[in-house]
Amino acid sequence: MYRYTTRPRPTTARLQTEIETETFVRDAPTVLAYAALACWTFWLYAFGPALTLLRAELGFSYTLLGVYELLWAAGTALSAVGFVWVARRLARGALLWCSALATVLGAGLFTLGRSTAATLLGAVVFGLAGTTMLTVVQAVLSDRHGDRRDRALTEANVGAGASAVFAPLVLGALAATAVGWRATFVLPAAVLVLLYLRYRRQPLPAAPRPATARGDGGLPLACWLFAVLTAVSSAIEFCLVYFGPQLLIHAGMSVAAASTALSSNYLGILIGRLLGARLTRRPDRAVVLLYASLAVTGPSFVLFWLTDQPALAVLGLFLCGVGIANLYPLALALTLGAAGGQEDRANARTQLILGVVAGVSPFLLGSLADRYGLVTAFALEPVLIGGCLLLLWGGLRARRTST
């Protein structure tokens, strides 16, 4: 008597999941978008440390140092305000390459300018053109992958996380050599030139037409709530980046050690995004992963915030990075998914809100620290984390109501 078994036939739901997982294709537009985003993020995370070196050369005040960040943010706001208008008149490819060229010019002004005025102008162009490039990259991924934009945006931000880790290290290494720190800003420009030579004739997905007759009207409430969620989740990261080393110093670390320890947060972000890229291979996981990310971020921040032991503080900072890692790409995916065919408008409005919230939050934290002390001021972070939970819940509720 022979015994044999047959493989069970997959259920309809399982078969559908397998099909959706397999149909995600990293084609030429996707690879181009991933690489362009990594270039922009490399510049972004090199900009802050470069300002410290530039100040040592030009001898400007701390107040003027803040003006560079302010002008960068102003360029970001201008980009967000004008993106929809420009996107209606230029194809995706033309907008991508024009913004990439302008970003290279901004990097050139910032690094080669020998006066404060020239470098300040470079900061404005940098923020304006770079944010435009970021926005069009996100638009290309959304256009190309539709409902699977969560996976595409999460994978794209893996490269961004790697750039966040390596950009300050490369800048510091080159600053210690005869080549100088300015060579750091040439590297993304060189990569963009290679990308242009390889992909200049590659057609990119066209912007989708509004799905409803109200395409020129306002964005749905769910989209606005998810856009604010995207901005507030970024503010959590910016507050840690700007003031995390100061809290490590308060815990007993030296200035040099505290600055170096910040890389643990970037490493956590990179590892978190690698995990996120794997988990989003299956569709419809964005909401669960967002809740899980916030659940990791909250306790990790409390560990970093309240401990007086440097080793535990660094561990908390690392775990915060793991939790924060996927907040931005997943929240942005929800924002674009709730846009009702107005993805370009939602994309631009998100960048505008992000520029305001991410700029105001560190300023508010610093003001609170001057008045009440740094440890007390960091109570702002749990407020932001709780705000993210409320915004996520409210956005999901509004999305269900509108369907």
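Residues numbered from 1 in each chain as written. Predicted model: local features only at pLDDT ≥ 70, side-chain atom pairs only at ≥ 80, totals over all residues. Heavy atoms only, no water.

A.B. asks: Can you help me understand the packing of helix 5 (residues 116-145) against helix 6 (residues 149-175) in this one?
C.D. replies: Relative orientation and spacing of two packed helices are given, respectively, by the angle between their axes and the distance between those axes. Where helix 5 contacts helix 6, the two axes come as close as 8 Å, and the packing angle between them is 145°. By crossing handedness, the relation of helix 5 to helix 6 is classed as right-handed. Where helix 5 abuts helix 6, its residues Gln138, Leu141, Ser142 and His145 lie against Arg149, Ala152, Leu153 and Ala156. Grouping the constituent residues of the contact of helix 5 with helix 6 by class yields 4 nonpolar, 3 polar and 1 charged. (Axes fitted to C-alpha atoms, helices over the stretch in contact; angles between N-to-C directions. Helix = DSSP H or I, 4+ residues; strand = E, 2+ residues; numbered from the N terminus. Left-handed = near helix turned anticlockwise from the far one by under 90°. Contact = heavy atoms within 4.5 Å. Nonpolar A, V, L, I, M, F, W, Y, C, P; charged D, E, K, R; others polar.)

A.B. asks: Quick question: what am I supposed to make of the packing of aromatic side chains here?
C.D. replies: Summed over the entire model, instances satisfying the criterion amount to 18 aromatic pairs. Ring centres of Trp40 and Phe126 lie 6.1 Å apart, and the angle between their planes is 75°; this geometry places the pair in the edge-to-face category. Of this pair, Trp40 sits in helix 2 (residues 28-58) while Phe126 sits in helix 5; the two residues are 86 residues apart in sequence, bridging distant segments of the chain. Note on Phe47 and Phe126: the rings are 6.2 Å apart at their centroids and 85° apart in plane angle, and the pair reads as edge-to-face. (Phe/Tyr/Trp six-rings, centres within 6.5 Å; stacked < 30°, edge-to-face > 60°.)

A.B. asks: I'm lost on the packing of helix 2 against helix 5 in this one. Help?
C.D. replies: Where helix 2 meets helix 5, the axes come as close as 9 Å, and the angle between the chain directions of the two elements is 160°. Between helix 2 and helix 5, the angle falls in the class roughly antiparallel. Between helix 2 and helix 5 lies a crossing of left-handed hand. Classifying every residue of the contact of helix 2 with helix 5 by side-chain character gives 17 nonpolar, 6 polar and 1 charged. (Parallel < 35°, antiparallel > 145°, perpendicular 65-115°, else oblique.)

A.B. asks: Even after reading the chapter, I still don't get helix 8 (residues 221-250), so can you show me in this structure?
C.D. replies: Since the α-helix turns once every 3.6 residues, residues separated by three or four places project in the same direction. When the terminal C-alpha atoms of helix 8 are compared, their 42 Å separation across 30 residues agrees well with the 44 Å that a helix rising 1.5 Å per residue should span. In helix 8, a bend of some 50° at Phe243 exceeds every other bend along the element, and Pro245, a proline, comes one to four places later. Helix 8 sits mainly inside the fold: 21 of its 30 residues count as buried. Phi turns positive, to about 115°, at Gly252, one or two residues after helix 8. (Expected span 1.5 Å × (residues − 1). Bend = angle between axes of the 7 residues up to and from the residue. Buried < 20%, exposed > 50% of the residue type's maximum accessible area, 1.4 Å probe, protein only.)

A.B. asks: Help me understand helix 16 (residues 380-402) in this model?
C.D. replies: With 23 residues, helix 16 should cover 33 Å at 1.5 Å per step; its first-to-last C-alpha distance of 32 Å lies within 8% of that length. For helix 16, the full list of buried residues reads Leu380, Glu381, Leu384, Ile385, Cys388, Leu391, Leu392, Gly394, Gly395, Leu396 and Ala398. Against the buried residues of helix 16 lie helix 8, helix 11 (286-306), helix 13 (327-337), helix 14 (343-372) and helix 15 (374-377).

A.B. asks: Looking at this structure, how should I read the side chain of Asn265?
C.D. replies: Note on placement: Asn265 falls in helix 10 (residues 263-279). In contact with Asn265, other than residues within four places in its own chain, are Leu240, Leu317, Phe318, Cys320 and Gly321.

A.B. asks: Would you mind showing me how to read the environment of Val84 here?
C.D. replies: Inspection of the secondary structure assignment puts Val84 in helix 3 (residues 62-89). On a C-alpha basis, the gap between Val84 and Asn347 in space is 8.8 Å, while along the polypeptide they are 263 residues apart. Residues in contact with Val84, not counting those within four places in the same chain, are Asp344, Arg345, Ala348 and Arg349.

A.B. asks: Explain the confidence of the model for the chain here, please?
C.D. replies: Predicted coordinates in regions of low pLDDT should not be interpreted in detail. Here the chain shows a mean pLDDT of 85. Residues at 70 or above account for 91%. Note on residues 1-8: pLDDT under 50 across the span, and 1 contact to partners over four residues away in sequence or across chains. Note on residues 15-21: pLDDT is under 50 here. Beyond four places in sequence and across chains, it has 9 contacts. (pLDDT = per-residue confidence, 0-100.)

A.B. asks: So what exactly am I meant to see when it comes to the side chain of Thr76 here?
C.D. replies: Of note, Thr76 is situated in helix 3. For Thr76, the contacting residues outside a window of four places in its chain are Gly127, Leu128, Thr131, Gln351 and Gly355.

A.B. asks: Looking at this structure, I do not really get the state of the cysteines. What am I missing?
C.D. replies: Overall, the coordinates contain 0 disulfides when judged by the stated rule. Considering cysteine sulfurs only, Cys239 is the nearest to Cys320, which forms no disulfide, with 12 Å between them. Here Cys388 stays free of any disulfide, with the sulfur of Cys239 as its closest cysteine sulfur at 11 Å. Using a relative accessible area of 0% as the deciding quantity, one classes Cys388 as buried. (Disulfide = S-S within 2.5 Å.)

A.B. asks: Could you clarify how one ought to interpret the environment of Leu336 in this entry?
C.D. replies: Mapped onto the elements of the fold, Leu336 is located in helix 13. Residue Leu336 is classed as buried on the basis of its relative accessible area of 1%. C-alpha of Leu336 to C-alpha of Ala346: the two residues are 10 residues apart in sequence and 6.2 Å apart in space. Leu336 has contacts with Gln138, Ser142, Arg149, Leu153, Glu343, Ala346 and Asn347, leaving out every residue within four places of it along the chain.

A.B. asks: What is the right way to read unusual backbone geometry from this model?
C.D. replies: The general pattern is negative phi for most residues beyond glycine and trans for most peptide bonds. Here the phi dihedral of Asp284 falls at roughly 60°; this positive angle occurs in a residue that is not glycine. You can see Asp284 is positioned in the loop between helix 10 and helix 11. According to the relative accessible area criterion, Asp284 is exposed, its value standing at 73%.

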